[in-house]
Amino acid sequence: MAYASGQLPTSDVDHTYTSTGLNHRKLLMWVFLSSDCMFFGALIATYMVYRGQSLIGPYPIDIIDVPITTISTFVLLCSSFAMVQALAATNRNDQKGIQIWLLATAFMGLIFIGFQAYEFNLFLGEGLRIDTNLFGTTFFTLTGFHGAHVTLGIVWLLILFVMGRKGRLGPASALDVELAGLYWHFVDIVWIVIFTLLYLIGGFDAGPTAGLLIEPSLLAFPT
Amino acid sequence: MSTHPPEHHESRHPTFKQYATIAIILFAITAVEFLIIVPEGLKGSGVVIAPLVALSAVKFAIVIMFYMHLKFDNRLLGSVFLTGLVLAFMAGGAVLALFGSFQPTPREFAAANAVAYTHLVEGDGHEEVELEHPVHEITSDGGTEMVVEEPTGGADLVAQGQAIFTGSGGCLACHAVEGIASGMLGPDLTHIGTDAATRKPETSAHDYITESIKEPEAFVATDVERANPGIMTSALTSSLSDADVEALVDFLLAQK
């Protein structure tokens with residue numbers, strides 16, 4: 001099958017007959033997002049199971065900084081807005097708009113990751129590592145996987161941006177941008193859930209007050 | 001080639017203005033969430049969960065309906081996504097139920113047994129620790145009773161050492177000090193202030209305790225009950241600053 005120069009196969013695939021009447025790539029993306037829901041659901045459920053069960057500090061209230069994270073949440077919400085603008089620009093073949101909005105989305109994603117790196121670093125300085133307590137384990141696993149998703153999304157957006165620079169994005173390839181957008185918005189909604197549960201609700205979980213004793217039998221060594 | 005109409009519904013996608021309105025709504029909801037938790041957080045009384053969960057669910061729904069176009073797209077796509085979402089909720093709920101998270105027992109256990117945390121970054125171990133919290137003490141019948149610590153006026157370092165002993169240092173997990181801690185793995189330290197002077201030849205009580213904290217492997221005293229070499233190692237105490245160790249030594253020297 002031959003394509004006109006500069007044209008992506010997408011346009012062709014778009015009009016291929018499918019039994020559902022839906023584009024396969026788009027359906028596949030939604031199936032993937034659906035499965036990713038379960039992936040994050042498992043991590044979130046694990047966090048909630050072990051919430052408030054750490055026996056040594058630091059506890060969430062000692063280190064979680066809600067105002068800082070509210071700022072990074074705003075940034076991620078902003079990036080979702082930029083993403084829909086990138087898709088709209090693609091649909092109306094606004095080449096400059098495509099590049100600006102894609103770059104803006106990726107840039108805001110980078111800011112979000114920067115906040116996360118800062119936060120992780122701060123937590124490590126406070127003595128919270130992934131193996132410190134149940135809070136550290138579940139927190140770093142969940143937010144780490146989310147950060148990895150965001151990072152992947154940034155790479156994806158930058159690749160699209162480079163394609164846009166070469167003039168390879170337009171109404172014919174709108175699906176390419178739309179799929180990246182679906183992924184990006186999904187990462188955003190996962191953060192909405194994480195922000196609510198780990199920061200707004202779980203961020204004030206306190207450890208016990210000072211001076212409590214550890215139950216000695218807890219630390220029984222096998223002899 | 002195509003027997004179906006094109007799938008793009010650009011005409012039905014929201015306009016720039018509508019997208020901007022949606023973004024502002026999302027911002028507003030986040031701001032409201034933040035304002036809800038601020039007073040609660042300051043009081044330290046825990047937060048009201050229901051409105052936060054509800055507001056987040058609204059945000060979630062707005063993003064998938066408008067930004068992800070589920071409102072305008074084929075319903076099959078929405079069904080596929082909702083299937084995963086519902087399964088995730090059900091699996092998560094099952095896990096929570098399985099581990100008894102809807103009952104308070106595990107958290108009560110943690111609250112009764114966990115060790116309090118003192119910040120490593122700010123204060124750098126030199127801050128004055130006030131023992132204003134009630135201390136649980138094991139009574140003769142094996143239960144615990146609350147004892148309110150009197151602030152020790154002149155002996156700041158001793159009090160600080162005790163806070164580390166029972167708090168961030170975690171010493172109490174293994175060591176006993178009558179009236180303060182009842183760990184059963186390592187030597188009883190109730191009279192360490194007197195005993196330390198004669199434990200190691202040609203070493204003062206102060207130096208002996210310091211060494212025993214920083215380098216527990218260096219010298220193991222003989223004829224001491226529960227002196228189990230290998231359990232306490234320098235790795236366990238490496239997180240203590242010199243100031244922490246100094247405070248601990250002062251506290252232990254006071255245990256005559």
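As the structure is a computational prediction, the values presented were derived from the model and not from experiment.

Colleague: Would you mind going over the overall build of chain B with me for this structure?
Modeller: A tally of helices and strands in chain B yields nine helices and four strands. From first element to last, N terminus to C terminus, chain B shows the α and β order α-α-α-α-β-β-α-β-β-α-α-α-α. Looking at chain B as a whole, 38% of its 256 residues are labelled buried. Residue pairs at least 24 apart in sequence account for 50% of intrachain contacts in chain B once pairs closer than 6 positions are excluded. Element-wise, carbon and sulfur atoms account for 62% of the exposed surface of chain B, whose accessible area totals about 14,200 Å².

Colleague: Mind showing me how you'd approach the overall build of chain A here?
Modeller: When its secondary structure is counted, chain A shows seven helices and zero strands. Evaluated residue by residue, chain A yields a buried proportion of 58% over its 223 residues. Pairs at least 24 residues apart make up 81% of the contacts formed inside chain A by residues separated by at least 6 positions. In the form shown here, chain A has an accessible surface area of approximately 8,800 Å², with 68% of it arising from carbon and sulfur atoms.

Colleague: What is the right way to read the packing of aromatic side chains from this model?
Modeller: The relation between two aromatic rings is expressed through the spacing of the ring centres and the mutual angle of the planes. Tallied over the full model, the rule gives 22 aromatic pairs over all chains. Ring geometry for A:Phe81 against B:Phe16: centres 5.8 Å apart, planes inclined by 70 degrees, an arrangement best described as edge-to-face. Highlighted residues: A:Phe81 in helix H4 (residues 66-91) and B:Phe16 in helix H1 (residues 16-43), drawn from two different chains. Taking relative accessible area as the criterion, A:Phe81 reaches 16% and is therefore assigned buried. Given a relative accessible area of 47%, B:Phe16 falls into the partly exposed group. Pairing A:Phe139 with A:Phe140 gives two aromatic rings, centres 5.6 Å apart and planes at 75 degrees, and the pair type is edge-to-face. One exposure class covers both A:Phe139 and A:Phe140, and it is buried. By the ring-pair criterion, three or more aromatic residues cluster together here, those being A:Phe112, A:Phe120, A:Phe123, A:Phe135, A:Phe139, A:Phe140, A:Trp191, A:Phe195 and A:Tyr199.

Colleague: Hey, could you run me through the environment of B:Leu55 in this one?
Modeller: Residues and elements named next belong to chain B. By the element assignment, Leu-55 lies in helix H2 (residues 49-67). Look at Leu-55 and you get partly exposed, because its relative accessible area is 21%. Distance in space between the C-alpha atoms of Leu-55 and Thr-30 is 8.2 Å, their sequence separation being 25 residues. Filtering out sequence-adjacent residues up to four positions away, Leu-55 remains in contact with Ile-29, Val-32, Glu-33 and Ile-36.

Colleague: Would you explain empty space enclosed by the protein in this entry?
Modeller: In this approach a probe as big as a water molecule rolls over the atoms, and the regions it shows empty are the leftover space. All names here are of chain A. With the rule as written, the count across this model stands at six cavities of 30 Å³ or more. Estimates place the volume of the largest cavity at around 70 Å³. Taken together, Ile-68, Thr-69, Ser-72, Phe-112, Phe-115, Gln-116, Glu-119, Trp-191 and Tyr-199 make up the full set of residues lining the largest cavity. The element best represented in the lining of the largest cavity is helix H5 (residues 95-125), accounting for four residues. Each residue belonging to the lining of the largest cavity can be placed in one class, and the counts come to five nonpolar, three polar and one charged.

Colleague: Teacher, can you tell me more about helix H9 (residues 242-253) of chain B here?
Modeller: Residues that lie three or four places apart on an α-helix share one face, since the helix turns once every 3.6 residues. Here H9(B) spans 16 Å end to end across 12 residues, near enough to the 16 Å set by a 1.5 Å rise per residue. Of all the positions in H9(B), only B:Ala243, B:Asp244, B:Val245, B:Ala247, B:Leu248, B:Val249, B:Phe251 and B:Leu252 are classed as buried.

Colleague: In this structure, what is going on with the packing of helix H2 (residues 24-50) of chain A against helix H6 (residues 134-165) of chain A? I would like to understand it.
Modeller: For any two helices packed against each other, one specifies the crossing angle of their axes together with the interaxial distance. All names here are of chain A. At a minimum axis distance of 7 Å, the contact between H2 and H6 shows a crossing angle of 160 degrees. Of the possible angle classes, the one that applies to H2 and H6 is roughly antiparallel. Judged by the sense of rotation from one axis to the other, the crossing of H2 with H6 is left-handed. In contact with Met-29, Asp-36, Phe-39, Phe-40, Leu-43, Ile-44, Thr-46, Tyr-47 and Tyr-50 of H2, H6 contributes Leu-134, Phe-135, Thr-138, Phe-139, Thr-141, Leu-142, Phe-145, His-146, His-149 and Trp-156. Across the contact of H2 with H6, the residue classes tally to 13 nonpolar, five polar and one charged.

Colleague: What is the right way to read the pattern of salt bridges from this model?
Modeller: Two side chains bearing opposite charge may form a pair once their charged atoms approach each other closely. A full pass over the atoms with the stated rule returns nine salt bridges over all chains. With its nearest N and O atoms 3.9 Å apart, the salt bridge here joins B:Asp195 to B:Arg199. Highlighted residues: B:Asp195 and B:Arg199, both in helix H6 (residues 192-199), separated by four residues, approximately one helical turn. Salt bridges sharing partners connect three or more residues here, namely A:Lys26, A:Glu178 and B:Asp73.

Colleague: For this particular structure, what's the right way to read the confidence of the model for chain A?
Modeller: In low-pLDDT segments, the atomic positions of the prediction should not be examined closely. Residue and element names in this part refer to chain A. Averaged over chain A, the pLDDT score is 86; the fraction of residues at 70 or greater is 85%. Model confidence for chain A, summarised as mean pLDDT per element, is weakest for helix H1 (residues 10-14) at 47 and strongest for H6 at 97. Considering only residues more than four positions removed or in separate chains, one finds that residues 1-13, a stretch of pLDDT under 50, has 16 contacts. Confidence drops under pLDDT 50 across residues 209-223; counting only partners more than four residues distant or on other chains, this segment forms 38 contacts.

Colleague: Help me out: how do you make sense of H4(A) in this one?
Modeller: All names here are of chain A. The first and last C-alpha atoms of H4 sit 38 Å apart over 26 residues, in line with the 38 Å expected at 1.5 Å per residue. Of all 26 residues in H4, 20 are buried, a share of seventy percent or more. Positive phi shows up at Asn-93, right after H4, with a value of about 55 degrees.

Colleague: Would you explain the environment of A:Ser80 in this entry?
Modeller: Note on placement: A:Ser80 falls in helix H4. Apart from the residues within four sequence positions on either side, A:Ser80 is in contact with A:Trp184, A:His185, A:Asp188 and B:Tyr67. A distance of 2.8 Å separates the side chain of A:Ser80 from the side chain of A:Asp188, its partner in a polar contact.

Colleague: Teacher, can you tell me more about unusual backbone geometry here?
Modeller: Trans peptide bonds make up most of the peptide bonds, and negative phi angles are found at most residues other than glycine. A cis amide bond links A:Gly57 with the next residue in sequence, A:Pro58, at an omega value of 0 degrees. Turning to its location among the elements, A:Pro58 is positioned in the loop between H2 and helix H3 (60-63). Despite not being glycine, B:His69 has its phi angle at roughly 60 degrees, a positive value. Assignment of secondary structure puts B:His69 in the loop between H2 and helix H3 (75-98). Phi angles above zero are rare outside glycine, and B:Glu202 is one such case at about 60 degrees. You can call B:Glu202 exposed: its relative accessible area is 87%.

Rules of the game
- Residues numbered from 1 in each chain as written.
- Chains lettered and ligands numbered in written order.
- Predicted model: local features only at pLDDT ≥ 70, side-chain atom pairs only at ≥ 80, totals over all residues.
- Heavy atoms only, no water.
- Helix = DSSP H or I, 4+ residues; strand = E, 2+ residues; numbered from the N terminus.
- Buried < 20%, exposed > 50% of the residue type's maximum accessible area, 1.4 Å probe, protein only.
- Contact = heavy atoms within 4.5 Å.
- Areas by Shrake-Rupley, 256 points an atom, 1.4 Å probe, with all protein chains shown as cover.
- Phe/Tyr/Trp six-rings, centres within 6.5 Å; stacked < 30°, edge-to-face > 60°.
- 1 Å grid on protein atoms, 1.4 Å probe; cavity = no way out; pocket = protein on both sides within 12 Å on 5 of 7 lines; lining within 4 Å.
- Points joined across faces, edges and corners; volume = space filled by probe spheres on them.
- Nonpolar A, V, L, I, M, F, W, Y, C, P; charged D, E, K, R; others polar.
- Expected span 1.5 Å × (residues − 1).
- Axes fitted to C-alpha atoms, helices over the stretch in contact; angles between N-to-C directions.
- Parallel < 35°, antiparallel > 145°, perpendicular 65-115°, else oblique.
- Left-handed = near helix turned anticlockwise from the far one by under 90°.
- Salt bridge = Lys/Arg side-chain N within 4 Å of Asp/Glu carboxyl O.
- pLDDT = per-residue confidence, 0-100.
- Polar contact = N/O pair within 3.5 Å; in protein donor to acceptor, adjacent residues only side chain to side chain.

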